[in-house]
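# Structure assessment
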Amino acid sequence: MKGTTPEGVRSEREAAAWVQGMFARVAPRYDLANHLLSFNIDRYWRAHTVRRLRDALADPAARVLDICCGTGDLVQALENARRAPVLGSDFCHPMLVAARRKIERSGKGSPVFESDALHLPLGDATLDVITVAFGFRNLANYESGLREMWRVLKPGGTAAILEFSQPPNRVFAALYNFYSRRILPILGGAISGNRDAYTYLPESVRKFPNAEDLAADMRRAGFGRVSYEFLTGGIVALHLGRK
Ligand SMILES: C[S@@+](CC[C@H](N)C(=O)[O-])C[C@H]1O[C@@H](n2cnc3c(N)ncnc32)[C@H](O)[C@@H]1O
């Protein structure tokens, strides 16, 4: 199985159900946990992604979708940058409820809808930009995820994948691994009330393809001009590709 494999799951269907249930449980405290545990750096990672997409977002008619949008932080960063609505989708209802509440407050009217990122209810070649922040790693099948992103993009369209990665510097990686495996489950469990989620997080990052392999997977899925950059010492990588 080429996708996330939470402990105890035996199939892609079970993996997706596990992920959906886990995010439903953490949804009420997801934002708080995210910002505290990342020391607020997660806002910078999303803002950086938006900056890298500036040219693609410049056209006010561009159709933009953020998949696995969760509580909508990247949707909001994107809509602020282009001063126009963007679409958001996720398969976890409680996360979308939180997203809608936040987006309504900002008044830009970006619609969010419930959908599995592996089966988007969109025609071929309908989007100019597709983004995913910290959601791709959770897909039950990465190859299907990339294929679906490629399918819904127009020729020339841009895909951006912001995801946790493995820091290339060994000393920094060791420190980060200590934090993410030993400290994060305790703190994350206390803040979110769900220790499983923060035990799963470092495990899923450890099993996720490294940045070079993900870039190769994107090329195999048909993306061109694939590039990536490490952020914050490689805790996170931003991959870009064009259809
Ligand atoms: C770690 S959260 C990230 C949320 C948001 N993008 C952010 O930057 O904070 C991952 C999200 O991916 C969603 N997700 C995971 N697998 C999915 C799938 N197959 N289809 C749609 N959403 C999915 C989860 O429901 C969850 O809301």
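Right, let's walk through the structure included here. Predicted, not measured: the structure shown is a model, and the values here were computed from it.

Moving on to the overall build of the protein chain. Along the backbone of the protein chain there are ten helices and seven strands. In terms of C-alpha radius of gyration, the protein chain reaches 17 Å, essentially the compact-globule figure of 18 Å for 243 residues. Once the C-alpha set of the protein chain is aligned to its principal axes, its extents read approximately 45 × 40 × 35 Å. Going through the 243 residues of the protein chain one by one, you find that 54% of them count as buried. When contacts within the protein chain are restricted to residue pairs at least 6 apart in sequence, long-range pairs at least 24 apart make up 69% of them. A total of about 11,300 Å² of accessible surface is found on the protein chain, and carbon and sulfur atoms cover 54% of it. Between the centroid of the 33 positive side chains of the protein chain and the centroid of its 25 negative side chains there is a distance of 3 Å.

This paragraph deals with the site of the ligand. Lining the immediate environment of the ligand, one finds 20 residues, of which Tyr30, Cys68, Asp90, Ala117 and Ala133 sit closest. Between the ligand and tyrosine 30, the relevant distance is 2.8 Å, taken from an oxygen atom to a side-chain nitrogen or oxygen of the residue. For the ligand, whose accessible area on its own is 600 Å², the fraction buried by protein is 97%. Broken down by secondary-structure element, the contributors of at least two residues to the shell around the ligand are α1 (12–26) and α2 (30–37). Here the shell around the ligand is composed, by residue class, of twelve nonpolar, five polar and three charged.

Calculation rules
All residue numbers here refer to positions counted from 1 along the written sequence of the relevant chain. At least 70 in pLDDT is required for a residue's local features to be given in this predicted model, at least 80 for side-chain atom pairs to be given and counted, and no such filter applies to totals for whole chains, interfaces and linings, which use all residues. In computing side-chain properties, one takes all heavy atoms of the structure into account and sets aside hydrogens as well as water. A run of DSSP states H or I qualifies as a helix once it reaches four residues; a run of E qualifies as a strand once it reaches two. Both are numbered from the N-terminal end. The globule rule used for comparison is 2.2 Å times the number of residues to the exponent 0.38, while the radius of gyration itself is calculated over C-alpha atoms. A 1.4 Å probe rolled over the protein chains alone gives each residue an accessible area, and that area as a share of the maximum for its type sets the label: buried under 20%, exposed over 50%, partly exposed in between. It only takes one pair of heavy atoms within 4.5 Å for two residues to be counted as in contact. All accessibility values rest on the Shrake-Rupley procedure with a 1.4 Å probe; residue burial counts only the protein chains present in the view. Charged-residue counts in this description rest on Lys and Arg as positive and Asp and Glu as negative, His and the chain ends being excluded. Think of each charge as sitting on NZ of Lys, CZ of Arg, CG of Asp or CD of Glu. Nearness is judged by heavy atoms alone; a residue qualifies as near a molecule or strand once a single heavy atom is within 4 Å of it. Whenever two N or O atoms come within 3.5 Å, that pair is a polar contact, provided that in protein one can donate a hydrogen and the other can accept it, and provided that, for residues adjacent in sequence, both atoms are side-chain atoms. Any residue that is not Ala, Val, Leu, Ile, Met, Phe, Trp, Tyr, Cys, Pro, Asp, Glu, Lys or Arg is counted as polar, Gly included; the first ten are nonpolar and the last four charged.

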